[in-house]
Every structure is written in C-alpha cells, then in structure tokens.
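A structural walkthrough
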Amino acid sequence: MIPEVVEAGAVRLRPFRPGDAEDLAAGCGDPEVSRFNPDTPQPYPIAHVRSWITEGAPAAWTTGGAAYAIADAATDRLVGGAGLSRVAAAYGQAEVGCWVAPWARRRGVATAAVRALTAYAFRAGLARLELLTHAENPAGQRVALAAGFRHEGVRRAAGRSRDGGRRDLIAWTRLSGDPDGPTSRPLPDLPGGRLTDGVVILRPLGPDDVDVMYRLHTLAEVVANQAPPVPPTRAAIERRCRTAESAWLTGVVARLLIVDAASGEPAGSCGLSRSDPASGEGSVGYALSPGWRGRGYATRALRLLAGWAFGPVGMARLVAGTLPDNTASHRVLEKVGFRREGLLRGRLPGLDGTRIDDLVFGVLPEELR
C-alpha cells in the first residue's frame, strides 16, 4: 500500500513525521495505552520513538500494512496512531489497531480514525478486517461497534500480558460488503444510564462493585439458590465486575446493581441474559442483601428490568429458573406477572454429581404487571 493522507472530519490520517516524536513518546507512555500493549516499553525512550518513525513505520507499508499518525485536522498535532497489521494479501484480510493520546480522548478520535482506516483498507482491495480488544477494554469495544464491526467471538490466549502470560482477546470483524454506520447491539445502553421508579435504581455493574458483590453472592442463602451451590471466589467476582461492560457490549448479559434511590446504598444485583437469541427469549435473575429484603425492592427491580427487556431491548419473552422450594422468589415473579410453566427435572448440576430440579416461570410483554 502507498501512504496517502486521509481526511476524516476533525482528524486526519497521515504518515508519521520527525516532529511527532515528543507527542508519540508521551502518548505511548500513557498507562492506558501501555496497559493493553505489552510490547510498549515503559517509559517510552525518545530514541526508540525516533527510530520507529524513520524505520519502523515506513517498514509497515512495504509489507502491505499501514502505520498512520492520527492528527488533529485543525492543528496537525499528533493525537494517536492507527494501522493495519498481519496482512494476508492472498485472503484479502488484515488486523486494525488504534490508540489515542490522553489529551485527545472522549472526542470521537478513535471512532473517526478507525472508520477512515477501514474505508481506506477496503478501497485498497481488502475484503475482511479484524479488530481485537481485551475484555477489560470497553472503550475499544465501543469504538469497534461505532465503526461498524461485529462481535465474532473470543480468540483464546491470542494476546500477551506484561507478566509473560496469555490473555483472551475479543474478535470484532467487518467485511467490505457490510453496511456503513454503527453496529446495532442486542443489549443497548440504559436510557440515561440507569432505570428507576423513584424508589430503586438499576445501574450497570462496574469494577468498583467487587466488595458488595462478593458479600452478596457468598451469603449462604444466595449460594443455596444457585446451581451448583458453590460460593464464587473473590477472583471470580473481581473478573465479573471488571468485564461486566464487555459482557453487556457483546450481548451476553446485562449485569446491574440494585441501589436504594434515597440513600444511594447498594441493595442487591440483577441481570438479563439472552437465553435463546433466535427466538427473542431472555432470562432474568436477582438477589437482595438481607437488610433490604421485605420492602418490595426485588419486585420493583424485576419490573424495571422486564420493562427494559420488552421495550428498548425488544425481547419477546422472559423466563426465570428457580429452585422448587424458593417460595420467596416465586412470589416476586408472580407479582410481576410471571407464570409457572413447568418443572424441569434434574436440569441443573448439584453437589457431588447430584442433579437439581428447575422450576421455570415465564412472562410475555402483555402479561407484565
């Protein structure tokens, strides 16, 4: 490929220049950039930067790839980098990469750059592009979605970490024939970032919720009502919270914290997963901390969650699986409009090779109370 300047609204893609060295060193040395790029030296030596500008970047073009500086269209100052690597010309495919300097974030720079680079790659004859993100990098995933890439799956141990270990990467792809514009999401963001009825608030689970989630999901009565009835480790809860936004963006599950609207204190958690995407069926679950039980909070939370599922999400049916003796949960479901649909014998794993029955409840949009 031959370098060409690509104008993309507020930003432009152009070759790197010697005058970019200071900004390039500062941008690549930023913790948020180096966090997901284990090959980036810390700190980033200016001599290494200058060598890369004069030798490394031009070399990318000779192998059919691309190494672009992202520059502010008004000032031409470097604000990031974008490129094409792992080019397989015989198959017409390549991998897209992008980073943005800290002084230019939250301005749509990455999205504009990836869109422009994608269009350039397709004009150059490529047919398939792949963008890989870490599960803990939701900002990168949002860029992929905004640039029209689709979630394709997980590439196991495809990435490296600074400690020498391996990490899974989420694969996002776009084909030359795919429509322009953002990719629609199975689980959209909450309107205004939350759901509320004035008494309870549902908001997305996040990395700062580890302590409350660990306390809640290791309670004996909560563990007893899950399958298998084994308490999660703290490491598992930490990962669940760190990757909650990723699971939401990829359409796997929307995990939310139930919060008391008056005090702002967490009261429990709930979630919506796509149990059968082809038929439009979703599955709900919920749990409350002891101090908040008996106040109708679970009913309120479930009603809000179901309304969102049937509304913006567009699901056609919701189900909830419960243990046959969990009468408190049965009452909550029935108050919201769920009906008992059947007992699935031995459906769930128990302890020591045993099996657990699953009492299933279901609700349709018109039955929601």
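Structural notes, computed from the coordinates. (Residues numbered from 1 in each chain as written. Predicted model: local features only at pLDDT ≥ 70, side-chain atom pairs only at ≥ 80, totals over all residues. Heavy atoms only, no water.)

A short note on the pairing of strand β7 (residues 150-160)
Consecutive side chains along a regular strand alternate between the two faces of the sheet. Examined bridge by bridge, β7 and strand β8 (residues 166-175) share seven bridges and lie antiparallel to one another. Paired with G159 across the strands is R167, a residue of β8. What sits between the antiparallel neighbours β7 and β8 is a turn of five residues, in which G164 has the positive phi angle 90 degrees. (Pairing = 2+ DSSP bridges. Helix = DSSP H or I, 4+ residues; strand = E, 2+ residues; numbered from the N terminus.)

With respect to the nonpolar core
Of all hydrophobic cores here, the largest spans 52 residues; its most connected members are L129 and F149. The element that contributes the greatest number of residues to this core is helix α4 (residues 109-123), accounting for nine residues. If we ignore the near neighbours within four places in the chain, the residues touching F149 are V96, V114, T118, L129, E130, L131, A144, W172, T173, R174 and T183. By size, the runner-up hydrophobic cluster in this structure holds 36 residues, among which are L190, V284, M315 and F338. (Core = buried A, V, L, I, M, F, W, Y, C linked by side-chain atoms within 4.5 Å. Buried < 20%, exposed > 50% of the residue type's maximum accessible area, 1.4 Å probe, protein only. Contact = heavy atoms within 4.5 Å.)

Examining the state of the cysteines
What the rule picks out here adds up to zero disulfides. Not part of a disulfide, C28 finds its nearest cysteine sulfur in C98, a span of 11 Å. On the basis of relative accessibility, which here comes to 10%, the residue C28 falls in the buried class. There is no disulfide at C241, and the cysteine sulfur nearest it, in C270, is 14 Å away. Look at C241 and you get buried, because its relative accessible area is 1%. (Disulfide = S-S within 2.5 Å.)

A closer look at the sheet that holds strand β11 (residues 253-260)
One open sheet holds the eight strands; their spatial order is β9-β10-β11-β12-β13-β14-β16-β15, and the pairing between them is mixed. Each edge of the open sheet carries a strand with a single partner, namely β9 (195-196) and β15 (339-349). Two elements, β9 and strand β10 (residues 200-204), share two bridges in a ladder whose sense is antiparallel. Residue L195 lies in a different strand from β10, and its bridge partner there is L202. On top of the sheet, helix α10 (residues 297-310) reaches β9, β10, β11, β12 (266-276), β13 (281-288), β14 (317-322) and β16 (355-363); it is set at about 50 degrees to β10, its chief contact. (Axes fitted to C-alpha atoms, helices over the stretch in contact; angles between N-to-C directions.)

Quick notes on the sheet that holds strand β5 (residues 93-100)
Strand order in the open sheet formed by eight strands is β1-β2-β3-β4-β5-β6-β8-β7, with mixed pairing between adjacent strands. Bordering the open sheet on either side are β1 (6-8) and β7, each of which pairs with just one other strand. Looking at each pair of strands side by side, their axes are set apart by 30 degrees on average, direction ignored. Against the sheet, helix α5 (residues 138-146) touches β6 (128-133) and β8, its axis set at about 15 degrees to β8.

So, helix α1 (residues 21-28)
With six of eight residues buried, α1 is to be regarded as a mostly interior element. Among the residues of α1, A21, D23, L24, A25, G27 and C28 are the ones counted as buried. Looking at the buried positions of α1, the neighbouring elements they touch are α2 (31-34), α3 (46-62), β4 (78-88) and β5.

Thoughts on the pattern of salt bridges
Counted by the stated rule, this structure contains 29 salt bridges. In this structure, D197 engages R300 in a salt bridge whose closest nitrogen and oxygen atoms are separated by 2.8 Å. Taken together, the positions of D197 in the loop between β9 and β10 and R300 in helix α10 put the pair 103 residues apart, joining distant regions of the chain. Here the salt bridges do not stand alone but share partners, grouping E7, R12, R14, R17, D20 and D76 into one network. (Salt bridge = Lys/Arg side-chain N within 4 Å of Asp/Glu carboxyl O.)

Section: the packing of α1 against α3
For the pair α1 and α3, the least separation of the axes is 9 Å and the interaxial angle reads 115 degrees. With respect to their mutual orientation, α1 and α3 come out roughly perpendicular. Of the two possible hands of crossing, α1 and α3 adopt the one that is right-handed. Touching A21, E22, L24 and A25 of α1 are I46, V49, R50, W52 and I53, all from α3. Residues that form the contact of α1 with α3 fall into these classes: seven nonpolar, no polar and two charged. (Parallel < 35°, antiparallel > 145°, perpendicular 65-115°, else oblique. Left-handed = near helix turned anticlockwise from the far one by under 90°. Nonpolar A, V, L, I, M, F, W, Y, C, P; charged D, E, K, R; others polar.)

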